[in-house]
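Secondary and tertiary structure notes
Single-letter residue listing:
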Amino acid sequence: MGNDRSRWHRLFTHRSARWALAVIALLIVAAIVGPMLVPYPCNAQLDIIRMKNQPPSWSHWLGTDQYSRDLFARVLCGARISLAVSVLAVILSITLGTAVGVTAGYLGGRVDTVLMRLLDAFLSIPRVLLLVAVLTLFTPVPLTGLILLLGATGWFGVSRLVRAETLATRGEPYVEAARALGASNREIILRHVLPNVLSPVIVAATLGVGNVITLEAGLSFLGVGAHEPTASWGSIFLDAVDFYAGNWWAVFFPGVAIVVTVLAFNVLGDALRDVLDPRQVHVARALPNAKEA
Amino acid sequence: MLQSLIVVFLVTTISFFVIRSAPGDPFSYESSNISLAVRNHWRDQFGYNRPLVEQYARYVISVLHGQFGYSFGMRSSVAEALSIAVPRTLLLTMLSLGLSFAIGMLVGAVQAARRGSWFDRISSGVLVVFYSLPDFWGALMALLIFTFWWPVLPSGGIVDAMHDFMSPSQAAWDRIRHLILPVGSLTLLTVAAIARYQRSAMLEILPSDYIRTARAKGVPERTILMRHALRTALTPMITLAGLFFPALLGGAVFVEKVFGWPGMGLLATGAIAGRDYDLVTATVIVGSVMVVIGNLAADLLQMAIDPRVRE
Amino acid sequence: MRTHALLLTTSVVALAACSACSSKESATGGSAGAYGGTFIYAQIGDVSDAFPPYIEDQNGRMVADLVFDRLAQINATLGTVGDKAFDPRLAKSWDWAKDSMSIAFHLDPRARWHDGKPVTASDVKYSFKVHSDPKAGAVTVPLLTNIDSVQVRDSATAVVWYKKHTPTEFYDFVYQIMILPEHVYGSIPLEQLHTSPQTKQLVGSGRFRLAKWQPGVRMDLVADTANYRGRPKLDRIVITPIADANAGMAQVLTGQSDFMQAFPVDQSDKLDSSKVARRIDFPTIGYAWLGFNLFPPKAKSGTNTFFGDVRVRRALSMAVDRKAMLNNVFGPSATNIGYGPFPAAVAYADSNLKLPPFDAAAASALLDSAGWRMGPNGLRVKNGVPLKFTILSTTTSLFRRRYSVLLQDALKRIGAQADIDAVDAGTFISRLNGGDFDAVLGTFNPDPDVGGALQSWGTKSIGSSNWMHYSNRTVDALLDSASASFDPAKSKSYSSRAFQQIADDAPAIWLYDVTLINGMNRRIEPARPISPIGWWLNLSDWSIPADKRIDRDRIGLSQPNP
């Protein structure tokens, strides 16, 4: 326990982690409260003839889009949706990944082999292609469906991580001792395996959020993500991307929002990795954290 | 080797069922001018009205014979359409992978050697920003800057419309010009990751005993860096290359869309929208096969370079 | 390693193929004469199919119109009754039988296929078979039902026999069938025609020949110098597919491409101030609307609970400021507002119809009187049913996307909630055909005759193109009278009455006529008049004045490197 406290302490004094945490906190606050504070509702078309495609100004900090909707408001509303979608999807991913990884690592043998082959297969399918295919062929897919799909395609790397960690833990002497003392499998998993698995999973989750935000935006860019008038960061893109040469601010600012958010999560993830699990620094162990397709 | 085959087989099965279980079929969307009788006739001809399991069996058999079906959108066999598109995507991804590795490893090595210096800190910052860029946004911004505001590069495509009439040197330069932005966009994303891993790998190795010994023996710093440290870091980096392939393929989908590069990614998205089922299935399979081959090659390369590695 | 290999190979191949190249650049022709010029067309989307019986999209249509010929070509007045609006093509002249049940077409003796063989009457007979036999599955099958057969009287005369004498019988046969060479495609069994790779080799009789086709990269059409109508003024047309409108815009503004259809309308001021390109507008015969499904999805018959009520439809129509939306989407000086269930370019168009005016207050009042009371959250409710529906739209059409968002907002203001369901083109068509939608942003591109209106709004067309399931017997009768009449003036009075009735029934909100706003290089001289059914139809008469030519115009007729 004393170990943990010092680890958290290290996190908060880690230089880059501090500003990353600050940015994320600001984002969450902005996402929850922001839309209520902005003078223009997210989806209000103010004056479709005169107010369309206005460049940034004092009354519209980020300008207006094609339909004369204020971009600043839309980016704030988009924060809500993008963050919610990503966080939920990532939670699903790590849950699935942990479950499968622990099963494979703990049970070993035939189960492990089968699961690993399946995992290899899933890992080699380009994620974007699969998502586009499913989202297009089974259209229309509501937001919940999108979240489920994103979660269901993102757990493979996590499960590999968890499996490795489970295997390592299983061989530890204190686990052998616990087993000799008559502890059940469930107890061993809950008491020993999961806590060890927690650190790399948290790191993976943090990095995963950034990944999913980018992915969701990309899917909307391809036309298969969130639907009108739902303003996720990706769908704001879709509106503007036809003629962005003329109103580049409608494409630039949502992009900047995404970059800043993903950056914050990545920096936080890095810091977490440094703090929680310095062993992870080694490249071979860090491989499963590589960006998935 | 056998494992790879099993993986490919699994991928085939998964993609087949996912795609074919979608509502409708390739013929339900043809223009309303085509009568129902004609459509049913085609359904029959191509076997879309058989039970799903039977369709699967027939598909697997045809794949084993090297037949991947017919593409209605491209009006040619799937194999032919893919054989044209896949090399184009490979060109992008391979160039990008090569560039990313060359630049990434160099930068990472220098960062490790000069740990804590201003170079290290600033380049790390820049790299982590690159790492956070959405694939398509980087490409869009590049397009905006270099095609509209400062129009020095072409806005898309593989070659200029008048490419065939250019002199050989003009034609070569034309090809390069068209490659710059797409490859550049793809590279941005991967170079950051590679540099980061290279840096941490090198940082792990540099304090180790044999390096210290070499230093004590008076071997020049640069030789230590290049010869010893780099070589040791090479092994995990090669495995990394294999892992980056799916990410690059995914990124290629976006980059090909933004730049209109007629490779696999563009072919796939077009096929999906056009309900060209055989083409979609085949693309997913080919993509996976490429990944599997990439991993295999990485494994083999790893074993060749570093005989200490055993699986 | 890969780069080097590729570059090396490319250089070697180019060098090898281009060993005679050095003289090519300064080739003769195309420099100072009346003939010459390279026209580069930046086309959104690729050409998937250009073989006439199977063409479904505009890109394929354009190529076919340039490479193949019809017996006669309809001119820009689009008169579909009789043969007055037709200019001779492969048929130099034609004779009507006294009872008008057959027409004998005399082929132009100079007409040749691109491979040199003469065009004969058996080619005409073969072409009819390919376009009408259900085994080949051509898209034209249902349009040729009135034609009984084609007879070869001699090698230069083909006679078509009709089942009934109708006002558009000439148009039906001549417009729908492009003449194909039997000696090239005849050996392919009809069932396999659809998938045969041989149909990618386009051999026609048009003024342009297919020189090279690289899917996804480009298509080269070269002037047919031995053509029976004389060679076109341009040397070559290069069709290069582009990713999207932005890429095309960049290409046109930098002079890399010469023409882009559907130039981003917001950016058209860039064209006005450009020294390289200019704006040029072309009419079409497409018109766009927001249509209401007049019976529930997947039901066999009956009327939709709220769209069945004409008061609701009229109220929704009155909630929409069509002019403002037009100005938002098409620019402040746009004039292509929808006038009713027809495009403005057809002969029977009537711009004087009385349409529901824009009056949000009246719309609300009408909904109130129909029993739709405003609920607490701004949504109207009647008998527990909220006024909520989906608008079916596509992901690819820019104008649909724009309008769907604008309409959603306008309807919200009078208490109706419209959710947008944007799908890909394929799903869109299949859901339209299946009646699986509430409201839809659709377009009709009708045939230029009154029969086209019947295809969209006639009771008999329910199940094919009458996607809204609109049925009004009076309208049917009036349109039948209009299409059966041989007197254009009388025909128009019938059709106007029919259209007014449709407008009163308000099965759709008439949004805009599809107008093409294009960017074209200033050195290009298009030929007038531009036909609304295809701006490319007279491309063979377009030219580039000698004093305006640039390097690529002077290449001449030499073939590109393989």
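Our structure is the block above this text.
First, a word on scope: everything that follows refers to the structure included in this document. (Residues numbered from 1 in each chain as written. Chains lettered and ligands numbered in written order. Predicted model: local features only at pLDDT ≥ 70, side-chain atom pairs only at ≥ 80, totals over all residues.)

**Some thoughts on the packing of helix α3 (residues 71–107) of chain A against helix α7 (residues 156–170) of chain A**
All names here are of chain A. Where α3 meets α7, the axes come as close as 7 Å, and the angle between the chain directions of the two elements is 40 degrees. When the axes of α3 and α7 are compared, the pair comes out oblique. At the point where α3 passes α7, the crossing takes the right-handed sense. Listed contacts from α7 to S93, I94, G97, T98, V100, G101, V102, A104, G105 and Y106 of α3 are V158, S159, R160, L161, V162, R163, T166, L167 and R170. Its residues placed into classes, the contact of α3 with α7 shows nine nonpolar, seven polar and three charged. (Axes fitted to C-alpha atoms, helices over the stretch in contact; angles between N-to-C directions. Helix = DSSP H or I, 4+ residues; strand = E, 2+ residues; numbered from the N terminus. Parallel < 35°, antiparallel > 145°, perpendicular 65-115°, else oblique. Left-handed = near helix turned anticlockwise from the far one by under 90°. Contact = placed C-beta atoms within 7 Å. Nonpolar A, V, L, I, M, F, W, Y, C, P; charged D, E, K, R; others polar.)

**Notes on the sheet that holds strand β18 (residues 417–423) of chain C**
Whenever strands of a sheet pair, they do so through backbone hydrogen bonds, lying parallel or antiparallel. All names here are of chain C. Strand order in the open sheet formed by five strands is β18-β17-β19-β13-β20, and the pairing between neighbours is mixed. The two strands at the open ends of the sheet, each matched to only one other strand, are β18 and β20 (508–513). Adjacent strand axes in the sheet meet at a mean angle of 25 degrees, parallel and antiparallel pairs treated alike. (Pairing = 2+ DSSP bridges.)

**Quick word on the interface of chain A and chain B**
Contacts between chain A and chain B engage 44 residues on the former and 50 residues on the latter. Listing elements by their share of the side of chain A that touches chain B, those giving two or more residues are α4 (109–124), α5 (127–137), α9 (185–221), α11 (249–276) and α12 (283–286) of chain A. Per element, the largest residue contribution to the side of chain A that touches chain B is nine residues, and it comes from α5 of chain A. Across the side of chain A that touches chain B, the residue classes tally to 31 nonpolar, eight polar and five charged.

**A short note on the sheet that holds strand β7 (residues 157–162) of chain C**
Residues and elements named next belong to chain C. The sheet built from four strands is open, its strands ordered β4-β5-β7-β6 with antiparallel pairing. The sheet is open, and its two edges are formed by β4 (91–96) and β6 (147–154), each paired on a single side. Neighbour-to-neighbour, the strand axes of the sheet open up by a mean angle of 20 degrees, direction not taken into account. Bridging between strand β5 (residues 102–107) and β7 involves five bridges; their strand directions are antiparallel. Residue pairing for β7: H106 is matched across the bridge by T157. Sheet strands in contact with helix α4 (residues 121–132) are β5, β6 and β7, and its direction is about 165 degrees off that of β6.

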